[in-house]
Amino acid sequence: MEEFMLPPAPNWFSSGALRSSPDGYVAYASQNQIVILQVPEVEDEQSENWRKEAVNVHPPRIYVIKEAHEEKSKVCSVCWCPVGSGGPQDRSLVSSSDNGSVRIWKWTPDGHTLMGHHTLHVENRAKVFGLDWSRADPNIVVSADETGCLVQWELTTNRAKKFAFGRNSIFSLALHPEDPDLVGFGCKLGLVFIVTLAGGNGRIIHKMRGHDEDCYSVSWCPVEAADWRLVSASRDRTLRIWSHAEGKAVQKLKMSQGGRGKGSYSQSPAFMTCTWISEDIILSSGESGELVRWDLSSSKPEVLHRAHFKSVFSVCVHGDIVFSIGQDRIVPVFNLKSRRMLYELPTLNGFAYCLASNPIDPSVIALGAGDGLLRVWKSGSKQLFDVKHIKVNQSKIMSIAWHPSREGFLGFGTDEGRVGWIDAFASKLSVMFSKFQHKGGVYCTFWAPGIADDSECSMYTVGDGKLVQHNIKTNNTDVISDILPDLPKLSISQAIWKVAKEQSFLMVGLEDGAMEVYLVPGLKHVLSLKNHKKLIQSMVFHPDYLTGGEESKYKDWMATASSENQVLVWDLKQALENVCDHQIIVCPTGTLSGHLSRVIELAWSPHEDGRLVSVSYDSSAQVWDIGTMSPLHNFQGHSKRLMCCMWHPTDPDLVMTGGEDFTLAVWNPSKQKETLPVDRKRKKAKPVKVAAPEVEQKQDSELSFDELLQKHKQEQLKQRDREESTPPRDNVNIVGKDKKIKRLTKKSYFPLFSKTESQNASRVADDCLRILKSKNESAVDSVAKRLKNITLNEVTAQDTELKDRPYLGLFLGREGVERLLDAEMENIEDFPAKAGISLWRGDLVKTLQEAESEGNLTDALVAQSAGLNQRVWRRTAAAYAVQLSKEGSFMKASEYFLAVHMVHEAIEVLKKNNAYEAAISIAVMRLPEDDPVIAELMTGYAYQAIQNGNHSLAAKCWAAAGNSCQAATALAKLPSKSNMRAAALISEDPRQSEVYARQCFTDCVLSLDVELGLILSKEVSSLSWGALFLILFNHTNIVLKSTAASTQQLFKLTEQLCKDQSVTCDKSFVSSIEQFMKTTSSSDSYISRLVKVTGNLAQGFLSRDTPQDCLRFVSKSLAELHSHPSELEKLVRNLFPEGTQPPQVGEALLSTPLDWQCNWPEIRSLQCSEAVSILYSKGTVWNEKLMQDVADALMLEDEILCQKIQAEIEEGETSIAEFDPKKETVVSTVDESERNGVEDDQGVDFTPSLSGTQTVSLGGDGNWKSDGLTPDFPLPPNGLENLPPPPKQTASFYSRFLRGRPDTVEATKEIQKLRWRLSKHNYLVVPYPDLTVCCKGLLEVVLENKLGEVTEEEEADNKVSFSRKLARFGYYKGSRIHQDYFLEHF
């Protein structure tokens, strides 16, 4: 399907808002934009398929001239140049707006350019509804406004003339087809004028009365006649035909009564529009949205269609195609010849907020928008734009969700907090609303089984921070967020439901970026995800199955977005399948970076595995490939922020996106040129510099009475504007004086606090710990024990100089504020400011004495001194303080309140004006230490800091207020490990503390900050296992990075360090380390690899009491380095300095030798890893013995066979997934001998099926023969050395089981047999390298170093060189893809 768009809705109440061009385009006014549609091409009526034209019509190409007029204005009318080639300078389109501007454009499908504009109507402050382009002279454009002013604009000379025709509000205008100076226009109260603009005087030819109501539309007869006729449509539901020659009505057409049903036609006036299309044919609107055709020869109306269900505002015609716009926000396109509706184009009059596909019939799409309409679109219908509009209410539809089993049942939430549901497929629509109403917008809606009750399916909504269950049968509601255990006191922003392995999970996203997962029923808290730092915007799981029916390999993957620019992807398969105790995951599987602003919505493709689309406030939509975690395509067709996205339910190469530009775009990702978003910062549009037309001015003596009246009115308006914009002189002086005083008297009472607080922002964690430690005896008893053991940073020289950081005094009680104020007094040179601080401290007498001695007394100080003993003055001062607070002088008002000892009033006035520093200082110095006002002020100061984005200051305020949880939340949003550590220590919520501790510990690991990680492991009990992990992590990193051989064996060194540092090594830590290892990843591949290596080593270290488990973990650790042989070599040498024979392995890992006869698979795996390190080491000195030892370690028959079967299964699954029976012929293109293994001239196929032991054997004559499956492989007397030439190479899985087949039945059976065989004889219980590749590498070494060769005498005795033995082993036992190489050396 081609790309298309659902455009913005047309503007209302203008008959000129829709016009057609000679070139096959239609334009209509929409907000301050112009929308242009391409006229559809339809088959001629004589064609055999003309009745199917509605099916064959394609979506129209749509173009939008964005911001065609000023931002807050609306386009009233548009008009095309009547000449197909365009007017002067290729100008093709003109538009007018409700602010009086008229603009002319050069438009082509490739772009548009503003060619000119005038603002002659702006002076009248009137809407310009009348607009027309002369067909007789394409050089002339005429516009008219509601004040009766006409402007004739000559485009070639760029000159304009103004004409005034009294107080006649002009609603429509039409230029004569043959006379460029003749104009007909309709006015308010039903007047119709025919005037001439010739001579520049604007003479009225006819002023005709006949309509009883306003005349909204006029149109000239397009056919030349002796007496030109003009038709007008009025609100009185009549059309009148006027004679130009006689100046009177010659025919009246009255709309008949009746219509859609009983009572459907009211007697109230309606908007009427009309257009004259041929000599005797006129099209007009009906009373209830009909499109009516009038034949003047019979005066009988014919209703063409009733697509509109409300008033029609404008109609235009191009050839036989009729367009119309109305109040119902659809644009019907009708074929006059065939009398058939081609399509009804839906439009949007609000943000496109949400999209949802019906789970029963995915081709049915629901769209919620800001215009209060639910649109249900049957995209699979043969009819183009089969859309049903459902009016909900005047609210914005912000979220929608289809019922999972009731077809057509749809739930929704609005911006007012209302929650409702409706059967969208019912013949009689009835909207039901829940009795519960959220306090704000409903941002999330979904259906799931009942949690608070046993309902089969309830609707859940998220709004105002709450998750609410709505029972649609009983209309009972339950606030689920109130009963969720371990939920922090944070608002819920998103929620989803997930079913995995027959278990149900509820996942909620929080405002701090955390995501919590609960097992249902029971609401057991099983999982916490924390990596986002801001509010969660979207959470979505990959579909379990794709539209083709195949199971997705990403079915338990989830993508999340927050108010940040990144998208995170989480693989939750293991976490959801192995539900046990509470798990914490802080590292996502992948991070998708590229958006330039916050990401709002995500959607997985139901057609292709691992395809994700995201939409953002950067006005773009991005398609990602999750397999490679890379961007693929970026769509930039929107002009404003995006809100919703969805993959088309039936077309895999279509994505649907909508947003604030009132459009829904349907686009092809494969056709996009950009890969990532491009910065498109919206700058305020600058006025386009085009030459304004020159206005022809006439002398007063040449003006008519109406023109003189209009000129006088405009002069009066200009004079009034000047008077309003220029205040009285006294006021100017007063205002100017006030502003001057404010500038001169603006003081900074806390310069030292502001400076040092910002300078020490990096020490916020230590500061919060100090604040809480100073308050641990009262406000934060629950964390006192942890705080006692915290070692704070030593006092620096700067701290000593500032007397222990006086900027913290604001948060440390009376003594602290005292130190702060002392320091501020020393730094303030302004004496009035010093006096103010002294007043706060209640020490005014000393200040008065100082002012008296220094001669710094002021009126304010003298007035304040009187308050010491004068009751009347106190009352007056208090009243003056109230007055000052109302005038905005809040600081001065607080001083007067304090002067009369009204401390609480002083604090309140400062608090209301966000002067929290001063308010806190007064409260701490004047009120008791336990007064709740102090905590309230700290809380308010914290909220203000958060609004300003200052989380550092907010954390200190929360700490001073004794709210450690909020302080921890603020600290966690700061990008620092020390801040995260402090958040973990001070939080009173154990779950929150554990999450922050895990985040901090993970950051320490990923950044190799071992020191801080060890400190945290000792401080937080849930991270006790972390000390051992970090010790191993640090020294494993040293081993892998070191260029010299390590002197200390890793396990021995770890054991000694654990003893020295008193680190606990408990075997119960194994599960915690396993969980951390599986859930931690990094964009740095080395760090990710190091985490896995260390995790396995740590588990092996803890499992030394069970030797086989210990060896298994160490073998897993080495397996992580098989593809990095240099690192593998270093680690093997460190762990096994004496080799990997059982006694040496036991001594190195267990401190106890193992028996020489120990044949555990773990031993073989370790020996394989050692062999790989030797094989690929650049320092290896090869000899016959070393070659034989490496070969013994790598040539493992059972293990390589299992790997071969695994490779066959993987190849088969890939072939089945890519198999398309439509591309296969019924008869195979492969020789039957190739498929069935029958002998031919070239030999025998080695094995069509690996599910059997062998399909070829040796006959008595020593040659190969095919005899089906045999249990054994018979060999010649001298074994492998005397094998005959090899059989033919194995063909691909596709060639053997799929090529030429109509289905995948046989291939699937083969895969099942292979899986069964592997399950019965699986020797891969421990990891091994790819043994086929290793044999290939060893063969290269043998050939290069000429090892294992035989002499001519030995060759004559049929002895085989080692290279040939190895080649034959690899050929027969190894995987199929390397057979070519081994065959070369057979």
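Bear in mind that the values here come from a model prediction, so they are computed numbers and not experimental data.

Colleague: Talk me through the overall build of the protein; I want residue IDs and the actual numbers.
Modeller: Secondary structure summary: the protein contains 39 helices and 60 strands in total. Residues counted as buried form 54% of the 1386 residues belonging to the protein. Within the protein, contacts between residues separated by at least 24 positions form 56% of all contacts whose residues are at least 6 apart in sequence. Here the protein displays about 61,900 Å² of accessible surface, and carbon together with sulfur accounts for 47% of that area.

Colleague: I'd like a description of unusual backbone geometry, backed by residues and values.
Modeller: Residues Val-520 and Pro-521 are joined by a peptide bond in cis, for which omega reads 0°. With respect to the helices and strands, the residue Pro-521 is situated in the loop between strand 44 (514-520) and strand 45 (524-530). One non-glycine residue, Asn-475, adopts positive backbone phi at about 60°. You can see Asn-475 is positioned in the loop between strand 40 (466-470) and strand 41 (477-479). One non-glycine residue with positive phi stands out, namely Ser-1151, at about 65°. Summarising the element assignment, Ser-1151 is placed in the loop between helix 29 (1142-1150) and helix 30 (1161-1175). When its relative accessible area of 39% is taken as the criterion, Ser-1151 is described as partly exposed.

Colleague: So, helix 21 (residues 990-1006): which residues are in play, and what are the values?
Modeller: Its 17 residues give helix 21 an end-to-end C-alpha distance of 24 Å, which sits within 8% of 24 Å, the value for a rise of 1.5 Å per residue. For helix 21, the set of buried residues is Gln-992, Ser-993, Val-995, Tyr-996, Ala-997, Arg-998, Gln-999, Cys-1000, Phe-1001, Thr-1002, Cys-1004 and Val-1005. Two or three places before Arg-991, at the start of helix 21, stands the capping residue Asp-989, its side-chain oxygen 3.1 Å from that residue's backbone nitrogen. Trailing helix 21 by a residue or two, Leu-1008 shows a phi angle of about 60°, which is positive.

Colleague: Break down the sheet that holds strand 39 (residues 458-463) for me, citing the residues and quoting the values.
Modeller: Strand pairing in a sheet relies on backbone hydrogen bonds, with the paired strands running either antiparallel or parallel. Ordered in space as 38-39-40-41, the four strands form an open sheet in which the pairing is antiparallel. The sheet is open, and its two borders are formed by strand 38 (442-448) and strand 41, each paired with just one other strand. Across the sheet, the mean angle from the axis of one strand to that of its neighbour is 20°, orientation sign disregarded. Here six bridges tie strand 38 to strand 39, and the two strands are oriented antiparallel to one another. Its bridge partner lying in strand 39, Trp-447 is registered against Met-459.

Colleague: How would you summarise the pairing of strand 3 (residues 25-30) if you had to cite specific residues and measurements?
Modeller: Burial of strand 3 is extensive: six of the six residues sit out of reach of the surface. Because side chains alternate across strand 3, one face comprises the buried residues Tyr-25, Ala-27 and Ala-29, and the other comprises Val-26, Tyr-28 and Ser-30, equally buried. In terms of strand pairing, strand 2 (residues 18-20) meets strand 3 through three bridges, oriented antiparallel. Within strand 3, the residue paired with Ser-20 across the bridge is Val-26. The hairpin formed by strand 2 and strand 3 contains four residues between the paired strands, and Gly-24 there has a positive phi angle of roughly 95°. Where strand 3 and strand 4 (residues 33-38) come together, six bridges link them in antiparallel fashion. Paired with Ala-27 across the strands is Ile-36, a residue of strand 4. What sits between the antiparallel neighbours strand 3 and strand 4 is a turn of two residues, in which Gln-31 has the positive phi angle 55°.

Colleague: I'd like a description of the side chain of Lys-530, backed by residues and values.
Modeller: Of note, Lys-530 is situated in strand 45. Comment: no salt bridge for buried Lys-530; closest opposite-charge side chain is Asp-512, at 4.9 Å. Apart from residues no more than four positions distant in its own chain, Lys-530 is found in contact with Asp-512, Gly-513, Ala-514, Trp-570, Ile-585, Val-586, Val-995, Tyr-996 and Gln-999.

Colleague: Please set out the nonpolar core residue by residue, giving values where relevant.
Modeller: Of all hydrophobic cores here, the largest spans 176 residues; its most connected members are Phe-811, Trp-840, Leu-1135, Phe-1136 and Leu-1149. Discounting residues that sit within four places of it in the chain, Phe-811 has contacts with Phe-753, Ile-771, Met-938, Leu-953, Lys-956, Cys-957 and Ala-960. Counting 53 residues, the second largest nonpolar core, distinct from the first, contains Trp-105, Leu-345, Leu-355 and Met-646.

Colleague: Break down helix 31 (residues 1184-1194) for me, with residues and values.
Modeller: What helix 31 keeps buried is the set Leu-1186, Met-1187, Val-1190, Ala-1191, Ala-1193 and Leu-1194. Burial along helix 31 is one-sided: seen end-on, the buried residues are contained in an arc of 160°. The elements touched by buried residues of helix 31 are helix 30, helix 36 (1331-1345) and helix 38 (1362-1373). Where helix 31 starts, the residue carrying a side-chain oxygen 3.2 Å from the main-chain nitrogen of Lys-1185 turns out to be Asn-1183.

Colleague: Describe in detail the sheet that holds strand 45, supporting the description with residues and values.
Modeller: If you trace the five strands from one edge of the open sheet to the other, you get 42-43-44-45-49, paired in mixed fashion. At either margin of the open sheet sits one strand with a lone partner, and together these are strand 42 (492-500) and strand 49 (583-585). Adjacent strand axes in the sheet meet at a mean angle of 20°, parallel and antiparallel pairs treated alike. In the sheet, strand 45 pairs with strand 49 via three bridges, with the strands oriented parallel.

Colleague: Go over the packing of aromatic side chains, please, and point to the residues and values.
Modeller: Per the stated rule, a full pass over the model turns up 41 aromatic pairs. A centroid spacing of 6.2 Å and a plane angle of 45° characterise the contact between Trp-402 and Phe-425, whose relative ring orientation is tilted. Residue Trp-402 is found in strand 34 (residues 397-402), and its partner Phe-425 is found in the loop between strand 36 (419-423) and strand 37 (432-433); the two are separated by 23 residues along the sequence. Here Trp-1025 and Phe-1029 contribute two aromatic rings whose centre-to-centre distance is 6.3 Å and whose plane-to-plane angle is 80°, an arrangement assigned as edge-to-face. Residues Trp-1025 and Phe-1029 agree in their burial class; the two are buried. Aromatic ring contacts, followed pair by pair, group Trp-12, Phe-13, Phe-129, Phe-171, Tyr-216, Phe-271 and Phe-313 into a single cluster. Cation over ring: Lys-1041 sits above Tyr-1086, and NZ or CZ is 4.2 Å from the ring centre. Here the basic side chain of Arg-1104 rests over the ring of Phe-1101, its NZ or CZ set 3.8 Å away from the ring centre.

Colleague: So what's going on with the confidence of the model for the protein? Residues and values would help.
Modeller: Mean pLDDT over the protein: 84, with 84% of residues reaching 70 or higher. Scored below 50 in pLDDT, residues 725-745 makes two contacts in the model with residues more than four places away or belonging to other chains. Residue range residues 794-802 is modelled with pLDDT below 50. Its contacts to residues more than four positions away, or to other chains, number nine contacts.

Colleague: Can you explain the environment of Tyr-545? Please cite residues and give values.
Modeller: Looking at the element boundaries, Tyr-545 is found in the loop between strand 46 (536-541) and strand 47 (557-562). Separated by 63 residues in the primary sequence, Tyr-545 and Glu-608 place their C-alpha atoms 10.0 Å from one another. Contacts of Tyr-545, omitting those with residues within four sequence positions, involve Glu-550, Glu-551 and Ser-552.

About the cut-offs
- Residues numbered from 1 in each chain as written.
- Predicted model: local features only at pLDDT ≥ 70, side-chain atom pairs only at ≥ 80, totals over all residues.
- Heavy atoms only, no water.
- Helix = DSSP H or I, 4+ residues; strand = E, 2+ residues; numbered from the N terminus.
- Buried < 20%, exposed > 50% of the residue type's maximum accessible area, 1.4 Å probe, protein only.
- Contact = heavy atoms within 4.5 Å.
- Areas by Shrake-Rupley, 256 points an atom, 1.4 Å probe, with all protein chains shown as cover.
- Expected span 1.5 Å × (residues − 1).
- Polar contact = N/O pair within 3.5 Å; in protein donor to acceptor, adjacent residues only side chain to side chain.
- Pairing = 2+ DSSP bridges.
- Axes fitted to C-alpha atoms, helices over the stretch in contact; angles between N-to-C directions.
- Lys, Arg positive; Asp, Glu negative; His and termini not counted.
- Salt bridge = Lys/Arg side-chain N within 4 Å of Asp/Glu carboxyl O.
- Core = buried A, V, L, I, M, F, W, Y, C linked by side-chain atoms within 4.5 Å.
- Arc of directions from axis to C-beta.
- Phe/Tyr/Trp six-rings, centres within 6.5 Å; stacked < 30°, edge-to-face > 60°.
- Lys NZ or Arg CZ within 6 Å of the ring centre and 35° of its normal.
- pLDDT = per-residue confidence, 0-100.

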